[in-house]
Amino acid sequence: MKIGLYFGTFNPIHIGHLIIANHMAEYSNLDQIWFVVTPQSPFKVKATMLANHDRLELVYRATEDYDKLRPSDIEFGLPQPNYTINTLTHLQEKYPKYEFSLIMGEDNLKSLHKWKNYELILANHHLYVYPRISEGVIETQFDEHPKIHRVSAPIMELSSTFIRKSIKKGKNVRPMLPEHVWEYVDEMNFYRS
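The structure presented is a predicted model; accordingly, all values stated were derived computationally and were not measured.

A.B. asks: Break down the layout of surface pockets for me, citing the residues and quoting the values.
C.D. replies: Over the atoms, a rolling probe the size of a water molecule traces out where space has been left empty. In this structure, the largest pocket spans a volume of roughly 1,300 Å³. Around the largest pocket, the lining comprises 43 residues; the ones closest to its centre are F7, G8, T9, T38 and N108. Those elements that place two or more of their residues in the lining of the largest pocket are strand 1 (2-8), helix 1 (15-27), helix 3 (84-94), strand 4 (99-105), helix 4 (106-109) and helix 6 (160-168). With four residues, the single largest contributor to the lining of the largest pocket is strand 4. Partitioned by chemical class, the residues of the lining of the largest pocket number 16 nonpolar, 18 polar and nine charged. The computed volume of the second largest pocket comes to approximately 200 Å³. Looking at the second largest pocket, the residues that line it are A47, T48, L50, T161, R164, K165, K168, Y191 and S193. Tallied by class, residues from the lining of the second largest pocket come to three nonpolar, three polar and three charged.

A.B. asks: Go over helix 6, please, and point to the residues and values.
C.D. replies: An α-helical segment advances 3.6 residues per turn. Residues three or four places apart therefore align on the same side. Turning to helix 6, its buried residues are S160, I163, R164, S166 and I167. Angularly, the buried residues of helix 6 cover 165° about the axis, an arc narrow enough to put them on a single face. Within helix 6, the exposed residues directed more than 90 degrees away from the buried face are K165 and K168. Those residues of helix 6 hidden inside the fold are in contact with helix 1 and helix 7 (179-187).

What counts and what doesn't
Residues numbered from 1 in each chain as written. Predicted model: local features only at pLDDT ≥ 70, side-chain atom pairs only at ≥ 80, totals over all residues. Heavy atoms only, no water. 1 Å grid on protein atoms, 1.4 Å probe; cavity = no way out; pocket = protein on both sides within 12 Å on 5 of 7 lines; lining within 4 Å. Points joined across faces, edges and corners; volume = space filled by probe spheres on them. Helix = DSSP H or I, 4+ residues; strand = E, 2+ residues; numbered from the N terminus. Nonpolar A, V, L, I, M, F, W, Y, C, P; charged D, E, K, R; others polar. Buried < 20%, exposed > 50% of the residue type's maximum accessible area, 1.4 Å probe, protein only. Arc of directions from axis to C-beta. Contact = heavy atoms within 4.5 Å.

In structure tokens form, the structure reads like this:
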């Protein structure tokens, strides 16, 4: 089984995340996409960040109608801070028959050379990169790398930050969120203050 790991805070998860994940599930050789919800660091408490269980609940609600999309709380039990290489190692030990790949935006590829043990990640895992409008350049070592696959997914310029700010201003963001996510955010009064 080939699993694509889509890391993020998903604060909140929105239709842009779902469009990209579903595109990867349908138009690549990945069998499933796992939304790996990054836990809030106990050392960096942000007022705008929902609790871990609330963000996981939002991801669960967003993905429950999709066979190939799954929520994952795998990082909740790992030491802080979370390094991608540690999560990958843990997953590989827990699911030895699965092949794990990373899903990332082009903006993250530009900083990949700064990641902890990025060479080890590239030696053992494929990267599926979707386009993003961003500043900066990609290191030439990643241009023709056999483990880096560029996927022409739709360019999504929707952000969780924009959604949170819009909710705080009393704007209607309902079309930007999956229906069950919107219902939970509205019912719980998230991001209003």
